[in-house]
Amino acid sequence: PPHWSVYLAVDDVEATVAKVSGAGGQVIVSPMDVMTLGRMAVIADPTGGVVGLWQGLSLPGFARHSEPGAVTWCELMTDDAERATEFFRSILGVQTSEMDMGEGELYVMFGPDGEHMAGIMTKTAEMGQMPTVWGIYFEVVDTDATVTQAQGLGGTVLVPPTDIMPGRFAMLADPQGAVFGIIKSNPM
C-alpha cells in the first residue's frame, strides 16, 4: 500500500549492510547508487520493520528538521521493541536512552551523537493487528488547523488531535491511504 519510507543516515552503507544479517535482519535492496546524490539500501530489522539506509554524497539528507513543514520525528512501532533496539544499536553503533511511558512500557530514543532523532516503541493494544512499521511525523504550526485542512483535502483522521508530553499530535492518512503524523512540538 502507499506509505512513507524512512531512511536512516549512515557513514558507510556497505559496512552497515554487512552487519544486518549477523544481527538478525534482512537485506531487501542491496547498496546502490542514486545518481550522484548518495548510496542507499533497504533493510528489515528482525521484527519486520522495513527502513532505508542513506549514505549522502551531494545530498547529505534533511537540510531542515523540526520546523513547520519539515520532518520532526520517525519511530518504529513493533511487537518487540527490545529486539529492534538491540538490532539498531548493533548495526548503527548508536547510543539509546529510554523514557518510561507508564505501565512498564519504555520508549527508546536514538540518534547521532546522543541527539534524539527517532524512537522505537512496542505497539499498543489500540493498534490491533497493525504490522511492524516505521512512522514519520511532520512539524506543524497548529495541529487542529492542519487536521481540518487535511480533511478538506480528502485526508482521513486516524488519531484526532491529542496532547502528549512532546506536544499536540494527530495521525492522518492522505487520499491514497499513506499514513503520517503531525505534531506541534512543545518548546524544549
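Residues numbered from 1 in each chain as written. Predicted model: local features only at pLDDT ≥ 70, side-chain atom pairs only at ≥ 80, totals over all residues. Heavy atoms only, no water.

Student: Explain the overall build of the chain to me, please; I cannot follow it from the model alone.
Tutor: From N to C terminus, the chain includes 3 helices and 12 strands. Taking all 188 residues of the chain together, 39% fall into the buried category. Residue pairs at least 24 apart in sequence account for 49% of intrachain contacts in the chain once pairs closer than 6 positions are excluded. A total accessible area of about 10,500 Å² is found for the chain, and carbon and sulfur atoms account for 56% of it. Counting 8 positive and 23 negative side-chain charges, the chain places the averaged centre of each group 4 Å from the other. (Helix = DSSP H or I, 4+ residues; strand = E, 2+ residues; numbered from the N terminus. Buried < 20%, exposed > 50% of the residue type's maximum accessible area, 1.4 Å probe, protein only. Contact = heavy atoms within 4.5 Å. Areas by Shrake-Rupley, 256 points an atom, 1.4 Å probe, with all protein chains shown as cover. Lys, Arg positive; Asp, Glu negative; His and termini not counted. Charge placed at Lys NZ, Arg CZ, Asp CG, Glu CD.)

Student: Hey, could you run me through helix α1 (residues 13-20) in this one?
Tutor: Three or four residues apart is the spacing at which side chains of an α-helix point the same way, because the helix has 3.6 residues per turn. All of the buried residues along α1 are V13, T16, V17 and V20. Along α1, the residues classed as buried sweep out an arc of 100° about the axis, all on the same side. Between a side-chain oxygen at the N-terminus of α1 and the backbone nitrogen of E14 the separation is 3.1 Å; the capping residue is D12. (Arc of directions from axis to C-beta. Polar contact = N/O pair within 3.5 Å; in protein donor to acceptor, adjacent residues only side chain to side chain.)

Student: What am I meant to see in the packing of aromatic side chains here?
Tutor: Pairs of aromatic rings are described using the distance from one ring centre to the other and the angle between the two planes. Considering all chains together, one arrives at 7 aromatic pairs under this definition. A centroid spacing of 6.2 Å and a plane angle of 10° characterise the contact between F88 and F110, whose relative ring orientation is stacked. Taken together, the positions of F88 in helix α2 (residues 81-92) and F110 in strand β7 (residues 105-110) put the pair 22 residues apart, joining distant regions of the chain. Take F88 and F110: they sit in the same class, and that class is buried. Taking 5.7 Å as the distance between ring centres and 90° as the angle between the ring planes, the aromatic pair formed by F88 and W134 counts as edge-to-face. Of this pair, F88 sits in helix α2 while W134 is found in strand β9 (residues 133-139), placing the two residues 46 residues apart along the sequence. Judged by its relative accessible area of 5%, W134 is buried. Grouping aromatic residues by their ring pairs yields a cluster made of F87, F88, F110 and W134. (Phe/Tyr/Trp six-rings, centres within 6.5 Å; stacked < 30°, edge-to-face > 60°.)

Student: Help me out: how do you make sense of unusual backbone geometry in this one?
Tutor: When glycine is set aside, most residues are seen to have a negative phi, and most peptide bonds are trans. For M35, which is not glycine, the phi torsion reads 45° and is therefore positive. Turning to its location among the elements, M35 is positioned in the loop between β2 (26-34) and β3 (38-44). A relative accessible area of 67% means that M35 is categorised as exposed.

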